[in-house]
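Okay, here's what each chain looks like letter by letter:
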Amino acid sequence: MKIGVIGTGYVGLVTGTCFADSGNDVICLDIDADKVERMKKGEVPIYEPGLNRVFERALREKRLTFTTDLEKTFRESETLFLCLPTPPGANGQADLSFVLSVADKLGELFNEYPGYKIIVNKSTVPVGTADKVREKIASKTDAEFDVVSNPEFLREGAAVEDFMKPERVVVGTRSERAAEAMTALYEPFVRSGNPIIIMDERSSELTKYAANAMLATKITFMNEIANICERVGADVDNVRIGIGTDSRIGKRFLFAGIGYGGSCFPKDVQAIHHTADEYGYNFRILDSVMKVNESQKLSIVEKMKLFYNGNLQGKTVGIWGLSFKPETDDIREAPSLYITEQLAKLGVKMKAYDPEAIKTFQDAASDVTLANMEFMNDRDSVIEGVDALVICTEWNEFRRPVMDRFAKVMKEPVIFDGRNLYDLKRAEESGLIYISVGRPSVNVHKSKMATV
Ligand SMILES: NC(=O)c1ccc[n+]([C@@H]2O[C@H](COP(=O)([O-])OP(=O)(O)OC[C@H]3O[C@@H](n4cnc5c(N)ncnc54)[C@H](O)[C@@H]3O)[C@@H](O)[C@H]2O)c1
């Protein structure tokens, strides 16, 4: 099939590359001319495990091309995937301006080059967007076309694997012709029997939001359990294992931490809450999810304030991890952005390291944060001479440091771990002052902080 991908970011580039890998001819379009030039030269502009290899092969076999030319993309494609941003608007609603302005241009192109095509919404879009895109295009042309909703469920950090072997593919369309074409396109990816689920457009659009809202709620629920654990002297890891073995609950997504971030959960929870509002329904559970997550992101700073009796001024702190999760350079809505900004405002100097996300962090962090931060090339130089270490992201290389080294090179071996990386007994044996999430603090005098 001849495929056009409009918007070549995390989703578009993975989509385009994986479709090219399964034998389709793919043309990827972006308005960012610099990015397009880099991709034409063979450079993958994002960090995503496994993407380089598939990308290089598709480029070599000339099945993947890049352009800034929408007209060319339109002419050369039978099916066009919209992988455009849908950032949160002022009231939390999904901003559809990127999607609708492209739909408008597609309408004009249909008028110029009539002939059946399928327009696929892969962006996460509110219920009713397929109808809006259809109306936009139809207002400009009498050409035959279908608009399909095909939400994407890939996880950054495992995007290629998720795209190549999806647990399910959701396709929202009432057109048999479009359903057949989409099924043919996705069949190579579900050969082991995972389903391609065809439904109406609105249910498909809502499925994506329901999935993300459910996952954000699951994380938040465990974070609240962790907060209770800290107060009652229980260990959230034991509770997690205790409930995760119940197959109705399941083992995954039960790890307590410093809140969810990333480009999807925060904005999608807001957006579905906003959609519910528009339809006169108060999605109460998501009110709480958003509130709890806001405070959870800064819970580590609150623990630091308690530990240092409210005075962090003049401290130097190491930061391990900046990306919102491991195996990605994406820092959108990462807890690290909020934590470092708060620490900067409290007069803390920081030394930070992340294996992939230093550049993206520097592009996004506020001036006040950056003025108080120094960036290091490796994990170990971060901890030299610092008063404390804060762990924001669970990159693998942070899981197995030489434990004795903390006490040797830090002013005091104090670790605030937002990701519960270390075994409590091991931390104790290594002489660490170790404060994590939802677990008893190690080597901290009880009187020092009631809940830490
Ligand atoms: N990132 C994820 O993990 C993920 C997962 C599932 C769904 N989604 C959804 O997919 C959509 C895209 O997300 P993303 O993370 O890939 O975004 P992104 O910001 O990484 O990429 C969007 C791309 O679109 C380009 N663009 C903007 N306006 C354009 C235009 N008019 N024409 C052509 N290109 C244009 C941008 O330059 C950018 O390269 C969003 O709706 C998001 O919610 C994202």
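Residues numbered from 1 in each chain as written. Predicted model: local features only at pLDDT ≥ 70, side-chain atom pairs only at ≥ 80, totals over all residues. Heavy atoms only, no water.

1. Overview of the domain arrangement of the chain
Then comes step 1: You can read the domains of the chain as domain 1 (2-197), domain 2 (209-294) and domain 3 (298-435).
Then comes step 2: When each unit is reduced to the centre of its C-alpha atoms, the spacing between domain 2 and domain 3 is 24 Å.
Then comes step 3: Between domain 2 and domain 3, the contact holds 13 residues from the first and 17 residues from the second.
Then comes step 4: Roughly 1000 Å² of surface becomes buried between domain 2 and domain 3 when both sides are summed, with 53% attributable to carbon and sulfur atoms.
Then comes step 5: Of all residues in domain 2, the largest losses of buried area upon contact with domain 3 belong to Ile-258, Gly-262 and Ser-263, amounting jointly to 50% of the total for that side.
Then comes step 6: The interface formed by domain 2 and domain 3 contains one salt bridge.
Then comes step 7: Residues Lys-303 and Glu-230 are paired through a salt bridge, measuring 2.6 Å at the closest nitrogen-oxygen approach.
Then comes step 8: For the interface between domain 2 and domain 3, the tally reads three residue pairs in polar contact (both at pLDDT 80 or more).
Then comes step 9: Class assignment for the residues of the side of domain 2 that touches domain 3 results in four nonpolar, five polar and four charged. (Domains from an automatic or database assignment. Contact = heavy atoms within 4.5 Å. Buried area = accessible area lost by both parts, 1.4 Å probe. Salt bridge = Lys/Arg side-chain N within 4 Å of Asp/Glu carboxyl O. Polar contact = N/O pair within 3.5 Å; in protein donor to acceptor, adjacent residues only side chain to side chain. Nonpolar A, V, L, I, M, F, W, Y, C, P; charged D, E, K, R; others polar.)

2. Focus on the packing of aromatic side chains
Then comes step 1: This model, assessed by the stated rule, comprises 21 aromatic pairs.
Then comes step 2: Between Phe-19 and Phe-163 the ring centres are 5.3 Å apart and the planes differ by 85°, which places this aromatic pair in the edge-to-face class. With Phe-19 in helix H1 (residues 10-21) and Phe-163 in helix H7 (residues 159-164), the pair connects residues that are 144 residues apart, well separated along the chain. Per residue, the accessibility class of Phe-19 equals that of Phe-163, and both read buried.
Then comes step 3: An aromatic cluster of three or more residues is present, and its members are Trp-320, Tyr-353, Phe-398, Phe-406, Tyr-422 and Tyr-434.
Then comes step 4: The ring of Phe-74 carries the charged tip of Lys-117 above its face, separated from the ring centre by 4.7 Å.
Then comes step 5: One residue, Arg-168, lies across the ring of Phe-153, its end atom 3.6 Å from the ring centre. (Phe/Tyr/Trp six-rings, centres within 6.5 Å; stacked < 30°, edge-to-face > 60°. Helix = DSSP H or I, 4+ residues; strand = E, 2+ residues; numbered from the N terminus. Buried < 20%, exposed > 50% of the residue type's maximum accessible area, 1.4 Å probe, protein only. Lys NZ or Arg CZ within 6 Å of the ring centre and 35° of its normal.)

3. Points about the site of the ligand
Then comes step 1: The ligand sits among 26 residues. The nearest are Asp-30, Lys-35, Thr-86, Glu-156 and Lys-267.
Then comes step 2: The side chain of Thr-86 places a nitrogen or oxygen atom 2.6 Å from an oxygen atom of the ligand.
Then comes step 3: Separating a nitrogen atom of the ligand from a side-chain N or O atom of Ser-263 is a distance of 3.4 Å.
Then comes step 4: Isolated, the ligand exposes 830 Å² of accessible area, and the fraction of that covered by the protein chains is 89%.
Then comes step 5: For the shell around the ligand, the secondary-structure elements that each account for two or more residues are H1 and helix H5 (97-112).
Then comes step 6: In terms of residue class, the shell around the ligand is built from 12 nonpolar, seven polar and seven charged. (Near = heavy atom within 4 Å. Areas by Shrake-Rupley, 256 points an atom, 1.4 Å probe, with all protein chains shown as cover.)

4. A look at the pairing of strand E12 (residues 388-391)
It is a general feature of regular strands that their side chains alternate between the two faces of the sheet.
Then comes step 1: The two faces of E12 match: Ala-388 and Val-390 on one face and Leu-389 and Ile-391 on the other face are all buried.
Then comes step 2: Between the parallel elements E12 and strand E13 (residues 414-417), the chain passes through helix H18 (residues 403-409) in a crossover that is right-handed. (Right-handed = clockwise from strand over helix to strand, strands pointing away.)

5. Structural notes on the environment of Lys-41
Then comes step 1: Counting through the fold element by element, Lys-41 comes out in the loop between helix H2 (33-40) and helix H3 (51-60).
Then comes step 2: Using a relative accessible area of 71% as the deciding quantity, one classes Lys-41 as exposed.

6. Regarding the nonpolar core
Then comes step 1: Membership of the largest hydrophobic core comes to 54 residues, with the highest contact counts inside it found for Ile-319, Trp-320, Leu-343, Leu-389, Phe-406, Phe-416 and Tyr-422.
Then comes step 2: Those residues in contact with Leu-343 that lie beyond four places of it in its chain are Val-301, Met-304, Leu-312, Ile-319, Val-348 and Met-350.
Then comes step 3: Ile-3, Ala-58, Leu-154 and Val-160 belong to the second-largest nonpolar core, a separate cluster that totals 38 residues. (Core = buried A, V, L, I, M, F, W, Y, C linked by side-chain atoms within 4.5 Å.)

7. Points about helix H6 (residues 129-138)
Then comes step 1: Taken together, the buried positions of H6 are occupied by Thr-129, Ala-130, Asp-131, Val-133 and Ile-137.
Then comes step 2: On the buried face of H6, the contacting elements are H5, strand E5 (117-121), strand E6 (145-149) and helix H9 (201-232).

8. Notes on the packing of H6 against H9
Then comes step 1: Put simply, H6 and H9 touch, their axes get as near as 8 Å, and they point 125° apart. The angle between the axes of H6 and H9 places the two elements in the oblique class. Where H6 abuts H9, its residues Thr-129, Ala-130, Asp-131 and Arg-134 lie against Glu-201, Arg-202 and Glu-205.
Then comes step 2: A per-class count over the contact of H6 with H9 returns one nonpolar, one polar and five charged. (Axes fitted to C-alpha atoms, helices over the stretch in contact; angles between N-to-C directions. Parallel < 35°, antiparallel > 145°, perpendicular 65-115°, else oblique.)

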